[in-house]
Amino acid sequence: MNNNQRPTALIMLFGATGDLANRKLYPSLYRLYKKGKITERFAVIGVARRPLTQEQFKSNIKDSVLSAIKDVDEAQLDTFVTHFTYHSHDVSNKSSYAELKALAEEMDAEYGLEGNRLFYLAMAPEFFGPITQHLKAEGLTDTNGYKRVIIEKPFGTDYETAEKLNNMIRASFEEEEIYRIDHYLGKEMVQNIEVIRFSNMMFEPLWNNRYISNIQITSSETLGVEERGRYYDKSGALKDMVQNHMLQMVALLAMEPPIKLTTDEVRSEKVRALRSLRNYSEEEVLKNFVRGQYGEGTVGDTVVADYRKEPMVDPNSNTETFVAGRLKFDNFRWAGVPFYIRTGKSMAAKSTKIVVQFKDIPMNLYYNPTEELSPNLLVIHIQPDEGVTLHLNVRKSGQKGLTTPIRLSYSNKSVDRMNTPEAYEKLMYDCMRGDATNFTHWDEVALSWKFVDSISKAWKEKSDTDFPNYKAGTMGPKKADDLLAEDGNEWWPIEDFDIETCS
Ligand code: BG6
C-alpha cells in the first residue's frame, strides 16, 4: 500500500458521545485499523459537552466496537483505544477551542500526523456554522497538512437555509475540503450502479428511452420514527430521504458516463443529470407526487400506533411519513421515461431496491400460458440483500411456443460476505485519502433542494390531507399505486424479489 492508501489523520470528532459515533463511527474506525488501512499514525479527539473521564470515554468506545463487531481481538482493541482522547467542550466558548488547539498539537507530535486534520461534525445542524467559524478564528485550521470537514445531514432544511449554511462553512473551508455525507453513497451496491452501467456492453447501449420503459426505486423501512419525533415531525420523508438518498440514486441511474472516474468528472455528470430533472409547478407536483402518513397497523408481529401518537409528534401533524413520486428528465436520453420513487416509514419490509423495467418486445411470438410475457427486469438489490437479478424469458421445457420467466442472480454477500465494508467505513477512509467522489458537491445539494422545495411548497399550499392514509405494515397509500396505474404500470412487488430465493 502506498501512503495515500494508509493515510494519517487527527480526527476531531464533534458529537463524540452521540448515537452516530457509537453506532457507526467507532466500529468503522476499528475495522479500518484492524485491516491495516490506518496505521498507528492516527489519533482521535472526541469532543462533546458532557464531562467524561478518559477512562469512561475509552470504555464507551470499547463497548461500541464490541457490540457492533463479532471477531474483535481484545488486545488490539486495547491498543486502538489508546489513540483516543476526550475533550469536554463548549462549542461557543473561545477558550475551549484554545485548549482543543493545544491538545491537537500535542497529539499531532505524538503520533506523527503531519498536521493532517479531519473535523467530523456529527452534531445538531445548528452547530455546523458556529463550529466551523470558531475552528478558523481560533487557528485550528492553520495547519501544514490537509484540513477537511465532514458534515452530517441534514444540510439545511430548504435551499435558502442550505445556502446560508454553505456560505458559513465556506468562510473556513474550500469546497474541495468539505465532505458532505450522504451515507447511501457509501453503500456497496449504490457504488455498484455506475459499475453495472458502465462496464457492461449489454446494459449501456440499452440504457435510454428506446429500451427502458421505467425505473422504480423503493426504499422502505419497517421502523417508525422511534425517538426521533422532534426532528422528523419537522422534516418528513421528503426532506429526510428524498432530498438526499433517493435523488442521489436517481442521479447515478440517470447520469451520462463520466469521461474519467475522477471526483470532478463523476460529480459534474451527476450535477448535469440533476439539472435536467424537471422542476414541477405546483399543479404538476400534485399530479406527480403522493404523500402518506401511517396509521395504526401491524409491522411483522408488532402493533404500531398512529404516527400522530408517536412521542414528540404533534397529535394533529400533517407531516408525511411516506412519499411516492414520478420524476421526469428533460434530456435526450430519458425524455418520456418515468423514474418512480417511493420511500416511507412503518412499511411492510425493510428494503432498498431498484427495478429497471425494459420495454416489451415489439412483436411477441411467444407467450406464457398463465400470464403475459414478462418484461425483462434488472433488479439492483441495495439492502438488505446486495446483488443483482436479471429477469429473462426462456422456453418452457418441451413446450413449443411457450415461455417461462427465469431469474439470474448474483449475491454480493454470498461471495464476499465477510468483507463488504460498512458505508461509514468506506466514507471515512475516502475522506482521509482525499477522495470526495462519494460525497455530495454543493451543486448537487443546491439542485436537490430546489427540486424538493417546489414539492414542499405545493403541499403546504394544499394542506387538506386525508392523513393517516396508509396502515403501518403496508407498502403505502393506494394513491401511490394509482400514480403508476395512470401510466399503465405497477410497482414490482419487492417482497417477491428476495435475492436468496432467486435462482
Ligand atoms: C437517514 C434518515 O438519513 O437514513 C433516517 O434520517 C432513515 O430516517 C435512514 O431511517 C435510512 O438509512 P438506511 O441505511 O437504514 O436505509
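Residues numbered from 1 in each chain as written. Predicted model: local features only at pLDDT ≥ 70, side-chain atom pairs only at ≥ 80, totals over all residues. Heavy atoms only, no water.

Undergrad: Got a minute to help me understand the sheet that holds strand S8 (residues 289-292) in this structure?
TA: Two modes of strand pairing occur in sheets, parallel and antiparallel, and in both the strands are linked by backbone hydrogen bonds. Judged by pairing direction, the sheet is mixed, and its eight strands sit side by side in the order S8-S12-S13-S7-S14-S15-S16-S17 without closing on themselves. Both outer strands of the open sheet, S8 and strand S17 (403-411), are each paired with one neighbouring strand and no more. Strand after strand, the sheet turns through a mean of 15° between neighbouring axes, direction not considered. Bridge count between strand S7 (residues 212-220) and strand S13 (residues 339-344): six bridges; the pairing is parallel. Paired with Ile217 across the two strands is Ile341, which belongs to S13. Relative to the sheet, helix H7 (residues 188-198) contacts strand S14 (351-358), strand S15 (377-383) and strand S16 (387-395), its axis offset from that of S15 by approximately 150°. On top of the sheet, helix H14 (residues 478-485) reaches S7, S8, strand S12 (322-327) and S13; it is set at about 10° to S12, its chief contact. (Pairing = 2+ DSSP bridges. Helix = DSSP H or I, 4+ residues; strand = E, 2+ residues; numbered from the N terminus. Axes fitted to C-alpha atoms, helices over the stretch in contact; angles between N-to-C directions. Contact = heavy atoms within 4.5 Å.)

Undergrad: Hey, could you run me through the site of the ligand in this one?
TA: Around the ligand sit Lys153, His183, Tyr184, Lys187, Glu221, Arg228, Asp240, Met241, His245, Lys345, Lys350 and Gln383, and those are all the residues in its vicinity. Side-chain polar atom of Lys187 to an oxygen atom of the ligand: 2.6 Å apart, as the coordinates give it. Between the ligand and Lys345, the relevant distance is 2.7 Å, taken from an oxygen atom to a side-chain nitrogen or oxygen of the residue. Its free accessible area being 390 Å², the ligand has 81% of it covered by the protein chains. Looking at the shell around the ligand element by element, the count peaks at three residues for helix H8 (residues 229-254). Residue composition of the shell around the ligand, grouped by class: two nonpolar, three polar and seven charged. (Near = heavy atom within 4 Å. Polar contact = N/O pair within 3.5 Å; in protein donor to acceptor, adjacent residues only side chain to side chain. Areas by Shrake-Rupley, 256 points an atom, 1.4 Å probe, with all protein chains shown as cover. Nonpolar A, V, L, I, M, F, W, Y, C, P; charged D, E, K, R; others polar.)

Undergrad: Explanation requested: the pattern of salt bridges in the structure shown.
TA: When charged atoms on two side chains of opposite charge get close, those side chains can pair. Overall, the coordinates contain 29 salt bridges when judged by the stated rule. Of the charged contacts, one joins Arg31 and Glu425 as a salt bridge, the two residues approaching to 3.9 Å between their closest N and O atoms. On the criterion of sequence distance, the pair formed by Arg31 in helix H1 (residues 19-34) and Glu425 in helix H12 (residues 423-433) is long-range, its members being 394 residues apart. By relative accessible area, Glu425 is classed as buried at 2%. Among the ionic pairs, Glu486 bridges to Arg326, the shortest N-O distance being 3.0 Å. Of this pair, Glu486 sits in the segment after H14 while Arg326 sits in strand S12; the two residues are 160 residues apart in sequence, bridging distant segments of the chain. Since its relative accessible area comes to 55%, Glu486 is described here as exposed. Residues joined in a network through salt bridges with shared partners are Arg197, Glu204, Glu256 and Arg333. (Salt bridge = Lys/Arg side-chain N within 4 Å of Asp/Glu carboxyl O. Buried < 20%, exposed > 50% of the residue type's maximum accessible area, 1.4 Å probe, protein only.)

Undergrad: So what exactly am I meant to see when it comes to a nonpolar patch on the surface here?
TA: The grouping of Met363, Leu365 and Tyr366 at the surface amounts to a nonpolar patch, some 380 Å² of accessible area in total. Secondary-structure assignment places Met363 in the loop between S14 and S15. (Patch = residues over 30% accessible without salt bridge, like charges linked within 9 Å, V, L, I, M, F, W, Y side chains within 5 Å.)

Undergrad: Whenever I open this one, the environment of Thr17 confuses me. Can you help?
TA: Here Thr17 shows up in the loop between strand S1 (9-14) and H1. The spacing of Thr17 and Ala48 is 31 residues in sequence and 6.3 Å in space, taken between C-alpha atoms. Leave out the neighbours within four places in its chain, and Thr17 touches Asn22, Ala48, Arg50, Leu52 and Tyr86.

Undergrad: Before we go on, may I ask you to explain H12 in this structure?
TA: Owing to its 3.6 residues per turn, the α-helix brings residues three or four apart onto one side. Counting buried residues along H12, ten of its eleven residues qualify, which places the element largely inside the surrounding structure. The complete set of buried residues in H12 reads Ala423, Tyr424, Glu425, Lys426, Leu427, Met428, Tyr429, Asp430, Cys431 and Met432. Along its buried surface, H12 packs onto S1, H1, strand S4 (117-121), strand S5 (147-151), strand S6 (178-180) and H7. Of the residues flanking the end of H12, it is Gly434, one or two places downstream, whose phi is positive at about 80°.

Undergrad: Could you clarify how one ought to interpret the sheet that holds strand S3 (residues 84-88) in this entry?
TA: In spatial order, the strands read S3-S2-S1-S4-S5-S6; together these six strands make up an open sheet with parallel pairing. The open sheet has two edge strands with one neighbour each: S3 and S6. For this sheet, the mean inter-axis angle between neighbouring strands, taken without regard to orientation, is 20°. Note: strand S2 (residues 42-48) against S3, five bridges, orientation parallel. The residue bridging Ala48 from the neighbouring strand is Ser88, located in S3. Sitting on the sheet, helix H5 (residues 128-137) is in contact with S1, S4 and S5, with an inclination near 160° to S4.

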